[in-house]
Amino acid sequence: MDLIILDEARKELELRIRSGFPSQGYLLGRKTGPGWFVQKIFCLPWKELLDPETFFRVEENQALEVLGVFNLNSRVNSREKLYRPLFAGKVFLQAKVESRGQLKFRASLIDFEGKFRSHPLSRIIIDLEGIHDREK
């Protein structure tokens, strides 16, 4: 399965990553074929993010599916917070800025097979359309 982060979501994630402040929230978009297309992000504090009522309200309000959760600039691996039925089959995306200023993304799929675990995603595709437009 591929995680495709589209331009609008990429810009928002990049802005939040480069701010240096911890941030987390939902990845919103659509599943089609072998890919999950992240169209938007929605920032929330952990307490609200983990609340099922908030989860379904955001999906309804945004008219997009919650594909998973992102966690940026955090030194804490919070994937285990998502080991609950609400997030089974969802993506967990982590990102940070490396020492050379490059963005580094890691993503895994949260799964339940008798117990919760996560599996690395095969590929993360970043929509660079906006970057190419700026270079012209």
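Structure: see above.
Residues numbered from 1 in each chain as written. Predicted model: local features only at pLDDT ≥ 70, side-chain atom pairs only at ≥ 80, totals over all residues. Heavy atoms only, no water.

Quick look at helix H1 (residues 7-19)
Phase 1: Taking 1.5 Å of rise per residue, 13 residues should cover 18 Å, and H1 covers 18 Å from first to last C-alpha, within 8% of that figure.
Phase 2: Listed in full, the buried residues belonging to H1 are Asp7, Ala9, Arg10, Leu13 and Ile17. Burial along H1 is one-sided: seen end-on, the buried residues are contained in an arc of 155°. In H1, the exposed residues that point more than 90 degrees away from the buried face are Glu8 and Leu15.
Phase 3: Residue Gly20 follows H1 closely and has a positive phi angle near 85°. (Helix = DSSP H or I, 4+ residues; strand = E, 2+ residues; numbered from the N terminus. Expected span 1.5 Å × (residues − 1). Buried < 20%, exposed > 50% of the residue type's maximum accessible area, 1.4 Å probe, protein only. Arc of directions from axis to C-beta.)

Some remarks on the sheet that holds strand E6 (residues 103-112)
Phase 1: Sheet architecture is open: eight strands sit in the order E7-E6-E5-E4-E2-E3-E1-E8, paired in mixed fashion. Whereas interior strands pair on both sides, the edge strands pair on one side only; in this sheet they are strand E7 (116-120) and strand E8 (123-126). For this sheet, the mean inter-axis angle between neighbouring strands, taken without regard to orientation, is 30°.
Phase 2: Sheet analysis places strand E1 (residues 2-5) next to strand E3 (residues 35-43), joined by four bridges and oriented parallel. Bridging from a neighbouring strand, Asp2 pairs with Gly35 of E3.
Phase 3: Sheet strands in contact with H1 are E1, strand E2 (23-32), E3, strand E4 (65-72), strand E5 (91-97), E6 and E8, and its direction is about 50° off that of E3.
Phase 4: Taken strand by strand, helix H3 (residues 52-62) contacts E2, E3 and E4, and its axis lies near 55° from that of E2. (Pairing = 2+ DSSP bridges. Axes fitted to C-alpha atoms, helices over the stretch in contact; angles between N-to-C directions. Contact = heavy atoms within 4.5 Å.)

A short note on the pairing of E2
Phase 1: Counting buried positions over the ten residues of E2 gives seven, a clear majority of the element.
Phase 2: Across seven bridges, E2 lies against E4 in antiparallel orientation. Note that in E4 the partner of Leu27 across the bridge is Gly68.
Phase 3: One ladder, built from eight bridges, connects E2 with E3; its direction is antiparallel. Following the sheet pairing, Gly29 is matched in E3 by Val38.
Phase 4: The turn linking E2 back onto E3 is made up of two residues, and Gly33 within it adopts a positive phi angle of 50°.

Considerations on the nonpolar core
Phase 1: Formed by 19 residues in total, the largest nonpolar core has its most connected members in Leu3, Ile5, Leu13, Leu27 and Leu93.
Phase 2: In this structure, Leu28, Val69, Leu86 and Ile110 belong to the second largest nonpolar core, which totals 16 residues. (Core = buried A, V, L, I, M, F, W, Y, C linked by side-chain atoms within 4.5 Å.)

Details of the environment of Ser19
Phase 1: Relative to the helices and strands, Ser19 resides in helix H1.
Phase 2: What makes Ser19 partly exposed here is its relative accessible area of 38%.

Side note on the side chain of Arg79
Phase 1: In this fold, Arg79 is placed in the loop between E4 and E5.
Phase 2: In terms of polar contacts, Arg79 uses its side chain to reach the side chain of Ser118, at 3.3 Å. (Polar contact = N/O pair within 3.5 Å; in protein donor to acceptor, adjacent residues only side chain to side chain.)

Focus on H3
Phase 1: Of the residues making up H3, those classed as buried are Thr54, Phe55, Val58 and Gln62. Taken down its axis, H3 places every buried residue within 105° of arc, on the same side. Exposed side chains of H3 directed beyond 90 degrees from the buried face belong to Glu53 and Glu60.
Phase 2: Structurally, H3 contributes buried residues whose contacts are with E2, E3, helix H2 (46-49) and E4.
Phase 3: Directly beyond the C-terminal end of H3, a positive phi value near 55° is found at Ala63.

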